[in-house]
Amino acid sequence: EAQVTQNPRYLITVTGKKLTVTCSQNMNHEYMSWYRQDPGLGLRQIYYSMNVEVTDKGDVPEGYKVSRKEKRNFPLILESPSPNQTSLYFCASSLRAGSYNEQFFGPGTRLTVL
Amino acid sequence: QKEVEQDPGPLSVPEGAIVSLNCTYSNSAFQYFMWYRQYSRKGPELLMYTYSSGNKEDGRFTAQVDKSSKYISLFIRDSQPSDSATYLCAMSASEDDKIIFGKGTRLHILP
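Source: prediction; values computed, not measured. (Residues numbered from 1 in each chain as written. Chains lettered and ligands numbered in written order. Predicted model: local features only at pLDDT ≥ 70, side-chain atom pairs only at ≥ 80, totals over all residues. Heavy atoms only, no water.)

Asks: How would you explain the overall build of chain B if you had to name every residue and give the values?
Replies: Looking only at helices and strands, chain B has zero helices and 11 strands in total. Rg of the C-alpha trace for chain B: 13 Å, near the compact-globule value of 13 Å for 111 residues, within the 12% margin. Expressed as lengths along the three principal axes of its C-alpha atoms, the size of chain B is roughly 40 × 25 × 25 Å. Going through the 111 residues of chain B one by one, you find that 43% of them count as buried. Look at the contacts in chain B between residues 6 or more apart in sequence, and 55% of them connect residues 24 or more apart. When the accessible area of chain B is evaluated, it comes to approximately 5400 Å², of which 46% is carbon and sulfur surface. Considering chain B, the positive charge centre built from 12 side chains and the negative charge centre built from 13 side chains are found 5 Å apart. (Helix = DSSP H or I, 4+ residues; strand = E, 2+ residues; numbered from the N terminus. Rg over C-alpha atoms; globule rule 2.2 N^0.38 Å. Buried < 20%, exposed > 50% of the residue type's maximum accessible area, 1.4 Å probe, protein only. Contact = heavy atoms within 4.5 Å. Areas by Shrake-Rupley, 256 points an atom, 1.4 Å probe, with all protein chains shown as cover. Lys, Arg positive; Asp, Glu negative; His and termini not counted. Charge placed at Lys NZ, Arg CZ, Asp CG, Glu CD.)

Encoded structure:
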C-alpha cells in the first residue's frame, strides 16, 4: 500500500531532550516536506527536500533540523525542544515539487513538550 | 492582509444540504487551486485540483475559481455525515512554487 508513515504518533517529552520524528514513504517520491499544524495558524511548512541531500527551509524552520540521506526517509530532529514546539506535525511527499503533484500526508505526530 | 483567508467555522448543516466553503486570497499571481480534506486524527488528502478560473466537478463536489474576485469555493451537494471534516484550501502561483494553505474550515453534517 502506497503510504507515508510517521513515528511516533504521539510523544510527550520535556524541554531540552533531543528527539527525532521519523518519516518514510514507499512511493519513490522525490519531494518531501514537514509541516506543523496549530489551532488558528493552519499548516505551516518547516523544511522541505527536493531530493536526496537537498533540503531547504520553509516558513518556520527555527529549532528544527532535517536530513535526507535516502530517498524514502526524511527525519525531523528537535535538538532542544521547547514548549512552543508543542504541535501536530505532518510529513508529506509528492512525486516532484510543484503544485500539480499531489502531496500525500502522513497520519501526523502529536508532540507535547513540557 | 493575509495571503489566504478561510473562515475556520465550525459550519454545521443538516444532511442533504448543499454546502459552500470559501477562501479569499490576495496574491493575483495564484493560478493553481486545491482543496484538501482532513478527517479528525488524520493527515490532509487532496480532494480537488483546478487550474486558473472556472469550475471543476467530481461527483458531489464542485470547485469554483473566480480570479477576478480572488475567491474560490468548494460546493458539496447532497451532503453526508461522512463529509464531516476540516477542509483546507491551498494555492500556488506556478507549478514550481510553494503551496500556501488556508487555515481550514471545520464542517459538521448533522444526521
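Asks: Can you tell me about the interface of chain B and chain A, naming the residues and giving the values?
Replies: Between chain B and chain A, the contact holds 20 residues from the first and 20 residues from the second. Summing the contributions of chain B and of chain A, the shared interface buries around 1500 Å²; its carbon and sulfur component is 53%. In this structure, the connection of chain B to chain A is made through zero salt bridges. Where chain B packs against chain A, one counts three residue pairs in polar contact (both at pLDDT 80 or more). Going through the elements one at a time, β4 (32-38), β5 (45-51) and β9 (85-92) of chain B are the ones with two or more residues in the side of chain B that touches chain A. Looking at the side of chain B that touches chain A residue by residue, the class counts come to nine nonpolar, four polar and seven charged. (Buried area = accessible area lost by both parts, 1.4 Å probe. Salt bridge = Lys/Arg side-chain N within 4 Å of Asp/Glu carboxyl O. Polar contact = N/O pair within 3.5 Å; in protein donor to acceptor, adjacent residues only side chain to side chain. Nonpolar A, V, L, I, M, F, W, Y, C, P; charged D, E, K, R; others polar.)

Asks: Any chance you could break down the nonpolar core for me, citing the residues and the numbers?
Replies: Phe 30, Trp 35, Ile 72, Leu 74, Tyr 87 and Met 91 of chain B are the most contacted members of the largest nonpolar core, which totals 25 residues. Contributions of two or more residues to this core are made by β3 (19-25), β4, β5, β7 (61-66), β8 (71-76), β9 and β11 (105-110) of chain B. Filtering out sequence-adjacent residues up to four positions away, Tyr 87 of chain B remains in contact with Gln 6, Leu 21, Trp 35, Tyr 36, Arg 37, Leu 47, Leu 74, Ile 76, Gly 104, Thr 105 and Leu 107 of chain B. One finds Val 66, Phe 74, Leu 76 and Tyr 89 of chain A within the second-largest nonpolar core, a separate group that totals 19 residues. (Core = buried A, V, L, I, M, F, W, Y, C linked by side-chain atoms within 4.5 Å.)

Asks: How would you summarise the side chain of Gln 85 of chain A if you had to cite specific residues and measurements?
Replies: Assignment of secondary structure puts Gln 85 of chain A in the loop between β8 (76-78) and β9 (87-94). Owing to a relative accessible area of 4%, Gln 85 of chain A belongs among the buried residues under this scheme.

Asks: Any details on the pattern of salt bridges? Residues and values, ideally.
Replies: Residue and element names in this part refer to chain A. Taken as a whole and assessed by the stated rule, the structure comprises eight salt bridges over all chains. In this structure, the salt-bridge partner of Lys 65 is Glu 79, at a minimum N-O distance of 2.9 Å. Of this pair, Lys 65 sits in strand β7 (residues 65-66) while Glu 79 sits in the loop between β8 and β9, placing them 14 residues apart in sequence. Its relative accessible area of 41% is what places Lys 65 among the partly exposed residues. Classification of Glu 79 by relative accessible area gives partly exposed; the value is 37%. Sharing partners across several salt bridges, the network here consists of Lys 18, Lys 65 and Glu 79.

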